Amino acid sequence: MSTSTIDRLESSRRAARASASERSISKAEGWRRRGPLLPALIFTVIVTQLPFLVTIWYSLRSQNLLRPGEDLFVGLSNYVDIAQDSTFRQTALNSVVITLGCVLVAMVLGIVLALLLDRPFFGRGVARTMLITPFLVMPVATSVLWSVALLNPTYGLLNWTLGLFGIEAVDWTSTYPIIAILMALVWQWTPFMMLLVLAGLQAQAKDVLEAASVDGAGPWRTFRSITLPHLRRYIELGVLLGVIYVVNTFDQIYLMTAGGPGTASANLPFYIYQRAFLGFDIGQAAAMGVVVVIATIIVASAALRLIFRSFEVKE
Amino acid sequence: MSDVTRAYRRRTTGGVLTTLTWLLALAFFFPVAWMAATAFKQENQAASDPPTWFFTPTLDQFRAVIEGGSGVYVANSAIATGVSTVLVLLLGIPAAYALSIRPVEKVSDVLFFFISTKMLPVVAVIVPIYVVAGQLKVLDNIWTLVVLYTAMNLPIAVWMMRSFFLEVPGEVLEAASVDGAGLMRTLRSVLIPMVAPGIAATALICVIFSWNEFFFALNLTASRAATVPVLIVSTMTSEGLFLARLCAAALLASLPVIIAGWVAQKQLVRGLSMGAIK
Amino acid sequence: MRAPATAATAAAALALSGCAGAGAVGGDDGEQIVVAIVSNPQMQDAISLQDEFRAAHPGVDVRFVSLPENEARAKITASVATGGGEFDVVMISNYETPMWAENGWIENLQPYIDATEGYDTEDFVPSVREALSRDGDMYSVPFYGESSFLAYRADLFEEAGLEMPAHPTWDEVRDLAAELNDPAEDFSGICLRGLAGWGEVMAPMSTAINTFGGGWFDEDWNATLDSPESREAIETYVDTVRSSGQPGAATSGFGDCLTRFAQGQSAMWYDATSMVSSVEDPSSSTVAGKVGYAPAPVADTESAGWLYSWSLAIPSTSEHKDAAWDFVSWMTNKEYIRLVGDTIGWERVPPGSRLSTYEIPEYAEVSEAYADATLESMGGATQEAAMTHPVPYPGIQFVGIPEFQDLGTRVGQQMSAAIAGQVTVDEAIAQSQRYAETVAETYRAQEGK
């Protein structure tokens, strides 16, 4: 990751904040500074990294819980199997599609809704309250609600509504499983994006907007040249947090399509879960986990670097 | 164009936009409203074709959920959510301080480490966790969930609170340090009051994620430590109708968080806008 | 990773809790047992009757964990296989029982049975008792048993001037379904499971494969899913459900089919005999009393129905085995059947476990329409009657080997995709055959040893 970029950013910030003498921190001062950080850091390292080490160890063994007594060291053969597993590649692709699809659509909708809410109108508080609710309801419940009450081909409300317009019933969860899952996910995450963007809009200096309006800039131009650049950091944060949470989506896939039909809508977490809790093939599941972890770190570093760079431009 | 027609046009556009906003708000809220309505139905009304719009509301489903011994689940969820959120703040506030106001070296590496722990799939490690927890006899123990939820929310909390701290003007802190105030006092009497909305927003987000957490709860608890999402899933059955019962349970289960979110939404917007990202 | 637990985590958890096993140990004098069951209606009835058990066994405090089938199975298997020890009583099936007994994961219940007066094992339905025993000892005891049969709307058949044959074949069922199918009215000729999963689509489909003379493996552990017989069965099943089945077939399991059939939107439904408790319940079904029942569709065998039993076992890790047996025997003895009948209703009695159930006059009255069909199906649910040739594994609609949960689900995913039209039947069969062959290789290697 681009430590240099961030270091520069950090040092410029520090310089602005503290006196020059603090640049060369004494040893004692260094530990005084580290002190408050250590409990959180040590806790996180222990709780998250040790199990990962155990996972790596498992990934080098062939162990199936259902066949006790078979526990062998097999080196990298689990990884070789993964490389040849076409389902693994397909579910990886699904992960990308679901994550990006959800985050981008939710962000666009979130921006639109935030802009609509950022103007005074009758009942604004109530409308905002209604709009944030999907983010608060338990995903376990809403997944079932979507698949059973809304998208069911026989008595689902969506098909009933489409029927009013003469559109034939669509079998959402089996014909368009990824779209069905995206509907539930976008519905859940749009309020989150909307809240972030709304926060950005309300932090915007009103005098700049007024000046623009006096200059005769139309609303669209004001939005593009002033509001959007101002919102950029909020949007990036939304995308980052969105990706972090959505890439690990499990509840919706588990409860709405069970990854099906076939493995058409399975993402990596769901596929690994199946290897672990249906196959009880611990070695395979662990190896897949390790591969996903490495891939995620590579992608995440790239994404974070991008975001940090944009901050630097800002400063 | 005269001022009158311009004002008129602005009013009409305003009317159109307001109507659009309301339509979207209703559309987003509709599934929740439908869930609430379904909770007052009988099972065969809940899964009927065409949908049942008018019916005599019944409290049967709520009664069944409450009498079915949901108290334990709620208590467990309250402990897991409450204690883990407090722990996150206790660990996270000093950490955020050490990453912003008087920063350690390699801030970006530490931040990256925190955030990277959030990106890794939990499913990849659930089996080792399960096996180890089983050997340590801490399966079906609510404190296991407390620890896990703390670790789950800590990284995001550190990130969010750090950005709030960065917003605090330097002069204020210098004044405090000139007074000779120690870390705890600076935190308590100067910093925390200034970033209270941010901390409230962080806490609310932690509460939402731990209250709704399903995967750990499903796999690591049985009877004593099971939380509300497990209760919701246990109302499902592969043989028979369950939608109305599930909706009743889901409505009751979501109410605390929904109400908290509704009450605190201004805090949330203010908190997020104060620090959002730095 | 998000937040795994470890030694240190656990230590922290203990430190935090102040006392180990916080809240786990009740202050009362009695023993506490934890019972993991599947949240089907009959099991929920048992939970609602727990006060009766408490009254009879004041020293035992029962706690229930009730989850849908898939979640319950994953959880129970993980717990028992790793010796997690959370449960004192687990609900498993005739798929797990023989394997787990062999692994020593569950207690031999025979000594407990012999020491319990009036616990009449001869009264269990013979095919079920056989499936839950190893060397003559029972390792789990049935709470209910089921086979599969064909439910059809007798009223609509009469209206249309059609007749259900006494022993329908798959070809006849396909023709009848086509005749009655009316998609314009959202009415389907038949409901068949299509949801991926070894306990979902693969259960009815495997019975078809068996009766057509196909199978998963032949006696020498060769995978035979692509044999001409298996292929014909799979094609018939997929074609029937695609042309005359319910919409959304590829994601519908038992529950979806039940909803549809009970709402009067399907003419036939081939599924578990346990459907009757919901189909014949007027409060949840609009077709109660209008349904006829025929044996499972056949081709080259005399019967085809599956055999499945939810039964109770005691994990070897349980520290309260006697209390656990108290509960197990309470939930599976003859009196329990009467208790359900008297307090909840005779149509809610768990069927298919005990022969004596069918001799109770009250039950005979409510079950008139389906009692004979159920018993006949269960009686015919043996490998000898439902298959054309011997196979090297136990099970009818499943293959009694540990790999089958995974294999069955993978093959189920292929079949589900074929039903959805995402792949062709040929592609699904070819891929499934490869999966099965991989498993077969390990068994051939073992045999060769």
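To continue, consider the interface of chain C and chain A. In this assembly, 30 residues from chain C lie in contact with 29 residues from chain A. Elements that contribute at least two residues to the side of chain C that touches chain A include exactly helix 1 (7-17), helix 4 (69-82) and helix 19 (404-420) of chain C. Take the side of chain C that touches chain A: its biggest share by element is eight residues, from helix 19 of chain C.

Another point: helix 7 (residues 142-166) of chain B. Residues and elements named next belong to chain B. For helix 7, built from 25 residues, the straight-helix expectation of 36 Å at 1.5 Å per residue is met to within 8% by its first-to-last C-alpha distance of 35 Å. The largest bend in helix 7 comes to about 35°, at Leu154, with the proline Pro155 one to four residues further on. Of all 25 residues in helix 7, 24 are buried; the element is thus mostly enclosed.

Here Val233 of chain B lies in helix 12 (residues 228-234). When the C-alpha positions of Val233 of chain B and Pro31 of chain B are compared, they lie 19 Å apart, and in sequence the two are 202 residues distant.

On to the sheet that holds strand 6 (residues 141-146) of chain C, then. All names here are of chain C. Spatially, five strands are ordered 2-1-3-10-6 in an open sheet, and the strand pairing comes out mixed. In the strand order of this sheet, the two ends are held by strand 2 (60-67) and strand 6, each with one partner. Between one strand axis and the next, the sheet turns through 20° on average, direction left out of account. For strand 1 (residues 31-38) and strand 2, the ladder comprises eight bridges, and the chain directions are parallel. Looking at the pairing, Ile37 lines up with Ser66 of strand 2. Seen against the sheet, helix 5 (residues 96-103) touches strand 3 (89-93) and strand 10 (308-313) and runs at an angle of roughly 125° to strand 3.

All names here are of chain C. Taken in spatial order, the three strands make up an open sheet running 8-7-9, and their pairing is antiparallel. Two strands bound the open sheet, and with one partner strand each, they are strand 8 (268-272) and strand 9 (291-295). Across the sheet, the mean angle from the axis of one strand to that of its neighbour is 30°, orientation sign disregarded. Across five bridges, the pairing between strand 7 (residues 148-153) and strand 8 is antiparallel. Within the sheet, the bridge partner assigned to Phe149 lies in strand 8 and is Asp271. Packed onto the sheet, helix 12 (residues 254-262) meets strand 7 and strand 8 and runs at close to 145° relative to strand 8.

Right, let's get into the confidence of the model for chain B. Per-chain confidence: chain B averages 84 in pLDDT, with 93% of residues scoring 70 or above. Here helix 8 (residues 170-178) of chain B is the element of chain B with the lowest mean pLDDT, 72, and helix 4 (residues 71-98) of chain B is the one with the highest, 93.

The next point concerns the interface of chain A and chain B. Across the boundary between the two partners, chain A contributes 85 residues, which contact 81 residues of chain B. Element by element, the count of residues in the side of chain A that touches chain B is highest for helix 3 (residues 38-59) of chain A, at 12 residues. Its residues placed into classes, the side of chain A that touches chain B shows 61 nonpolar, 13 polar and 11 charged.

Turning our eyes to something else, we now look at the pairing of strand 7 of chain C. All names here are of chain C. Here strand 7 lies mainly inside the structure; six of its six residues are buried. Burial along strand 7 is two-sided: the residues Ser148, Leu150 and Tyr152 and Phe149, Ala151 and Arg153 are all buried. The pairing of strand 7 with strand 9 spans five bridges and is classified as antiparallel. Within strand 9, the residue paired with Tyr152 across the bridge is Gly292.

Residues and elements named next belong to chain C. The buried fraction of strand 1 amounts to six of the eight residues, a majority that puts the element mostly inside the structure. As judged from the two bridges shared by strand 1 and strand 3, these two strands associate in the parallel manner. Residue pairing across strands places Val35 opposite Val89, the latter belonging to strand 3.

With that settled, consider the nonpolar core. Core analysis: the largest hydrophobic core is formed by 338 residues, its most contacted members being Ile232 of chain B together with Ala36, Ala151, Met268 and Phe327 of chain C. Among the elements that line this core, the one with the most residues is helix 7 of chain B, at 18 residues. There are two domains that each give this core at least three residues, and those are domain 1 (28-139 + 308-365) and domain 2 (148-306 + 381-448) of chain C. When near neighbours in sequence (up to four residues on either side) are disregarded, Ala151 of chain C contacts Phe261, Met268, Trp269, Met275, Val279, Val291 and Tyr293 of chain C.

About the cut-offs
- Residues numbered from 1 in each chain as written.
- Chains lettered and ligands numbered in written order.
- Predicted model: local features only at pLDDT ≥ 70, side-chain atom pairs only at ≥ 80, totals over all residues.
- Contact = placed C-beta atoms within 7 Å.
- Helix = DSSP H or I, 4+ residues; strand = E, 2+ residues; numbered from the N terminus.
- Expected span 1.5 Å × (residues − 1).
- Bend = angle between axes of the 7 residues up to and from the residue.
- Buried ≥ 20, exposed ≤ 12 C-beta atoms within 10 Å, placed from the backbone.
- Pairing = 2+ DSSP bridges.
- Axes fitted to C-alpha atoms, helices over the stretch in contact; angles between N-to-C directions.
- pLDDT = per-residue confidence, 0-100.
- Nonpolar A, V, L, I, M, F, W, Y, C, P; charged D, E, K, R; others polar.
- Core = buried A, V, L, I, M, F, W, Y, C linked by C-beta atoms within 7 Å.
- Domains from an automatic or database assignment.

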